[in-house]
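Residues per chain, in single letters:
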Amino acid sequence: MSTDAPALRSKALAIYDLLLAHYGAPAEKERRDPLSELVATILSQNTADANTERAYRRLRERFPTWEEALHAPVEEVAAAIRVAGLSQIKAPRIQAILRTLQEERGALSLDFLAEMGVPEARQYLTSLHGVGHKTASCVLLFALHKPALPVDTHVHRVSGRLGLVPARASAEKANALLEALLPEELYYPFHLLVIQHGRTLCAARRPRCPECPVPALCDYWAAVASAPAGEPGA
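Small disclaimer: the values here were computed from a predicted structure and weren't measured. (Residues numbered from 1 in each chain as written. Predicted model: local features only at pLDDT ≥ 70, side-chain atom pairs only at ≥ 80, totals over all residues. Heavy atoms only, no water.)

**Q** Is there a simple way to explain the overall build of the chain in this structure?
**A** Regarding its fold elements, the chain presents 12 helices and zero strands. Along its sequence from the N terminus, the chain presents helices and strands in the succession α-α-α-α-α-α-α-α-α-α-α-α. Relative to a compact globule of 234 residues, whose C-alpha radius of gyration would be 17 Å, the chain shows 19 Å and is just as compact. Over its C-alpha atoms, taken along the principal directions, the chain stretches across nearly 60 × 35 × 30 Å. Looking at the chain residue by residue over its 234 residues, the buried ones come to 47%. About 11600 Å² of surface is accessible on the chain, with carbon and sulfur atoms providing 53% of the total. Computed over 26 positive and 26 negative side-chain charges, the inter-centroid distance for the chain is 7 Å. (Helix = DSSP H or I, 4+ residues; strand = E, 2+ residues; numbered from the N terminus. Rg over C-alpha atoms; globule rule 2.2 N^0.38 Å. Buried < 20%, exposed > 50% of the residue type's maximum accessible area, 1.4 Å probe, protein only. Areas by Shrake-Rupley, 256 points an atom, 1.4 Å probe, with all protein chains shown as cover. Lys, Arg positive; Asp, Glu negative; His and termini not counted. Charge placed at Lys NZ, Arg CZ, Asp CG, Glu CD.)

Structure follows, in structure tokens:
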């Protein structure tokens, strides 16, 4: 991985351009209010997108207001979101966040984050029970359109393979490095394009490197291509 910052920025922009040309402009996610996005992101942990949407829809059908979800028996909330998996963990976590907002803010809303800068808003979100750096960044980017670049498993893996971040960098460190490499207006499409790439070609197991649109810029492919015959790549 290069440590030359200008060269690395140029590489990141070149990768973005090639992914954009290959996949096309990504469709924007449905925009929800910040609290709804937070709940949906919690539901998305360790499950597929389709299950996330089913669980979120069933939760809102069963509890049309967050007040109802807060005061319902936790077993009923868990039943509503069971399709997302880990419902016995996610249901108490959601209710704990709702309870904190009610007690600290007197309202079940995160709209006040719009008036905060990214560091302050991220700090508040990560102070909530069960909310990590990636989840907070999703709320900031998708609900509030603030300059935050979420690093999920796909972004973490792909950016490491490409050599944009050190292979062993934590997700939080990768977030800071990627945000420094890219202009803020590219955080949203870059995040979505890299996720698409990670799901289609740059999979965790058996990446389809010969079909990749960015092999000349990929540290992983360079290691694979240079490995002696019969030896595994990096």
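Anyway, onward from the coordinates.
**Q** Would you explain the packing of aromatic side chains in this entry?
**A** Here the distance between the centres and the angle between the planes together describe a pair of aromatic rings. A complete count under the given rule lists two aromatic pairs for this structure. Both rings, one in F112 and one in Y124, keep their centres 5.2 Å apart while their planes meet at 85 degrees; by these two values the pair is edge-to-face. Here Y124 lies in helix α7 (residues 118-127) and F112 lies in the loop between α6 (87-105) and α7, a separation of 12 residues in the sequence. What makes Y124 buried here is its relative accessible area of 11%. Summarising the aromatic geometry, the rings of F142 and Y188 are spaced 5.3 Å apart at their centres and angled 85 degrees between planes, so their arrangement reads as edge-to-face. With a gap of 46 residues between them, F142 in helix α8 (residues 133-143) and Y188 in helix α11 (residues 187-200) connect regions that are remote in the sequence. Judged on exposure class, the residue F142 and its partner Y188 are both buried. For the cation-ring pair, K29 lies above F142, with the distance from its terminal atom to the ring centre recorded as 4.8 Å. (Phe/Tyr/Trp six-rings, centres within 6.5 Å; stacked < 30°, edge-to-face > 60°. Lys NZ or Arg CZ within 6 Å of the ring centre and 35° of its normal.)

Function cannot be read off these values alone, since they describe shape.
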